[in-house]
Amino acid sequence: MAVLDNHSWQYAQAGKTLIRLSAKYGFHRNEDMKAIDVLPILKEKVAFLSGGRDRRGGPVLTFPARSNHDRIRPEDLRRLIAYLATIPSEEVARHGFTVIVDMRGSKWDSIKPLLKILQESFPSCIHVALIIKPDNFWQKQRTNFGSSKFEFETVMVSLDGLSKIVDQSQLTADFEGSLEYNHDDWIEVRLSFETFASDAARTLARFEELQETLSQRDLPRDLEGARRLMEEHAGLKKRATKASVEELDAQGRRLLQRLQLQTAGGGSSSESGYRSGGASGDSNDHHHSFNAHVDIHNLVAKVTGLLDKLHGTRQNLQQLWHMRKLKLDQCFQLRLFEQDAEKMFDWIMHNKGLFLTSYTEIGGNHQHAVELQTQHNHFAMNCM
């Protein structure tokens, strides 16, 4: 383990580690995991994502100080970090996580199992693990820990040294930073978002099934089939128009309002769980504030995208329904004409013999001939 003596600590070596790790392990994010799957240990605040970023733009994963690390089951911890690793976007995660492990008040022998789990199970790149320990323990623990080897950089830092790697605006109050973070509210936001996303996904799946049905090009070959399909299509209209997204829309709008209040700077830590402190108008403060909101911006984009897709898909469904109805109406009229024509052909074929044998007179005189010709013309007109 290295010790940070000054702010010139180099990221280059850790950057090479990221490349080596990616090639060796082929990290895979489990996007199917949800907060509800790890809720018990998530509520214990064993680890959390405050929304902060290190100076490279990498996400900060924090393991706060606690005295009972040994009571956490390794499998539960693996599931927790697997879930937390999916929160930042892939673009942000590619920078590599900066992991802060606060060992103040903790048993020192719990750090090695934690780092081992991170090395073996963390489904993303770790840029560096920063170990916080009281100054009077440094030299003693350095000798005990120095022989351990990990695939990522491990650095022991003080609180002053920590701020040289992660700006104070990106650190929570636990580390004398100004980034406000409320863990319970963060969990509520995640649960609300994931519930909304799951409900939206199920609705969109139903929409896709309807789209496949409405996109069928096969048309019935008889009048009865056409009538039956028209009745079935009328039933599909109820499903398409009653596939209401209003409830989902309201759910998404409430979530957006909560998140957008935060990104606008008008919210508090109770709005979304985290926000950047400081009221300075300095450009650096604005940059750090934006970084603290990156996770919120990602959620806003996802919610907005789902709402747009819900409304767009429903509108497309309605258009497909009307287009299909027009084709079925035309098909019904065609089959009805074909049926009537077939009846006419049957009548002609049945009566032509009788007609030919019955209408043999040509008239015995001029007047009779004119009468027969007039009758024939009327018959010809009626046949047209």
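Residues numbered from 1 in each chain as written. Predicted model: local features only at pLDDT ≥ 70, side-chain atom pairs only at ≥ 80, totals over all residues. Heavy atoms only, no water.

Looking up the chain in an unreviewed UniProt entry gives the name Triple functional domain protein, with the organism given as Dissostichus eleginoides.

A tally of regular secondary structure across the chain gives 14 helices and eight strands. Residue burial in the chain is summarised as follows: out of 384 residues, 44% are buried. By sequence separation, contacts in the chain at least 24 residues apart represent 80% of the contacts at least 6 residues apart. For the chain, the accessible surface area stands at approximately 21,500 Å², while carbon and sulfur atoms represent 51% of it. (Helix = DSSP H or I, 4+ residues; strand = E, 2+ residues; numbered from the N terminus. Buried < 20%, exposed > 50% of the residue type's maximum accessible area, 1.4 Å probe, protein only. Contact = heavy atoms within 4.5 Å. Areas by Shrake-Rupley, 256 points an atom, 1.4 Å probe, with all protein chains shown as cover.)

For the pair helix α3 (residues 74-84) and helix α5 (residues 111-121), interaxial distance at closest approach is 10 Å and the crossing angle is 55°. In this view, α3 runs oblique relative to α5, as classed from their interaxial angle. Handedness of the α3/α5 crossing: right-handed. Across the interface between the two elements, Pro-74, Leu-77, Arg-78 and Ile-81 of α3 pack against Leu-114, Ile-117, Leu-118, Glu-120 and Ser-121 of α5. Tallied by class, residues from the contact of α3 with α5 come to six nonpolar, one polar and two charged. (Axes fitted to C-alpha atoms, helices over the stretch in contact; angles between N-to-C directions. Parallel < 35°, antiparallel > 145°, perpendicular 65-115°, else oblique. Left-handed = near helix turned anticlockwise from the far one by under 90°. Nonpolar A, V, L, I, M, F, W, Y, C, P; charged D, E, K, R; others polar.)

Before going further, it helps to examine the packing of aromatic side chains. One pass over the structure, following the stated rule, counts two aromatic pairs. Above the face of the Phe-48 ring, Lys-45 is positioned so that its terminal group lies 5.0 Å from the ring centre. (Phe/Tyr/Trp six-rings, centres within 6.5 Å; stacked < 30°, edge-to-face > 60°. Lys NZ or Arg CZ within 6 Å of the ring centre and 35° of its normal.)

A word on empty space enclosed by the protein. Counted by the stated rule, this structure contains two cavities of 30 Å³ or more. In this structure, the second largest cavity occupies an estimated 30 Å³ of space. In terms of lining, the second largest cavity is formed by Ile-87, Arg-190, Asp-295, Asn-298, Leu-299 and Lys-302. A per-element tally of the lining of the second largest cavity places helix α13 (residues 294-358) first, with four residues. (1 Å grid on protein atoms, 1.4 Å probe; cavity = no way out; pocket = protein on both sides within 12 Å on 5 of 7 lines; lining within 4 Å. Points joined across faces, edges and corners; volume = space filled by probe spheres on them.)

Quick look at the confidence of the model for the chain now. Averaged over every residue, the pLDDT of the chain is 79; residues scoring 70 or more account for 77%. At the level of individual helices and strands, the chain shows its lowest average pLDDT in helix α1 (residues 12-25), which scores 40, and its highest in strand β3 (residues 59-63), which scores 95. Note that residues 2-27 has pLDDT below 50 and, in this model, 53 contacts with residues that lie over four places away or in other chains. Note that pLDDT drops below 50 for residues 266-272; the model gives that stretch 24 contacts with residues more than four away or on any other chain. (pLDDT = per-residue confidence, 0-100.)

Right, let's talk about the pattern of salt bridges for a bit. Per the counting criterion, the structure on display carries 14 salt bridges. The salt bridge partner of Arg-227 is Glu-224, with a shortest N-O separation of 3.2 Å. With Arg-227 and Glu-224 both in helix α9 (residues 223-241), this residue pair falls three residues apart, about one helical turn. (Salt bridge = Lys/Arg side-chain N within 4 Å of Asp/Glu carboxyl O.)

Right, let's talk about the side chain of Asp-249 for a bit. Relative to the elements of secondary structure, Asp-249 occurs in helix α10 (residues 246-263). Given a relative accessible area of 17%, Asp-249 falls into the buried group. Non-local contacts of Asp-249, meaning those with residues more than four positions away in its chain, are made with Leu-307 and His-311.

A few words now on unusual backbone geometry. Even without being glycine, Lys-45 reaches a positive phi, approximately 60°. One can find Lys-45 in the loop between α2 (39-43) and β2 (48-53). Given the relative accessible area of 27%, Lys-45 is considered partly exposed. The backbone of Glu-176 shows a phi angle near 60°, a positive value even though the residue is not glycine. Considering the arrangement of structural elements, one finds Glu-176 in the loop between α7 (159-162) and β7 (180-181).

A word on the environment of Leu-118. As for its placement among the helices and strands, Leu-118 is situated in helix α5. Put simply, Leu-118 and Glu-151 are 33 residues apart on the chain and 9.9 Å apart in space, counted from C-alpha to C-alpha. Beyond its immediate chain neighbours, meaning those up to four positions away, Leu-118 contacts Phe-63, Ile-81, Val-99, Ile-126 and Phe-152.

Burial of strand β5 (residues 126-132) is extensive: seven of the seven residues sit out of reach of the surface. Examined bridge by bridge, strand β4 (residues 97-102) and β5 share six bridges and lie parallel to one another. Bridged to Asp-102 within β5 is Ile-132. Between β4 and its parallel partner β5, the chain crosses via α5, and the hand of that crossover is right-handed. (Pairing = 2+ DSSP bridges. Right-handed = clockwise from strand over helix to strand, strands pointing away.)

Attention now goes to a nonpolar patch on the surface. A surface patch of nonpolar side chains, amounting to about 510 Å² of accessible area, comprises Met-344, Phe-345, Trp-347, Ile-348 and Phe-379. Top element by residues in the nonpolar patch is α13. It accounts for four residues. Mapped onto the secondary structure, Ile-348 falls in helix α13. (Patch = residues over 30% accessible without salt bridge, like charges linked within 9 Å, V, L, I, M, F, W, Y side chains within 5 Å.)

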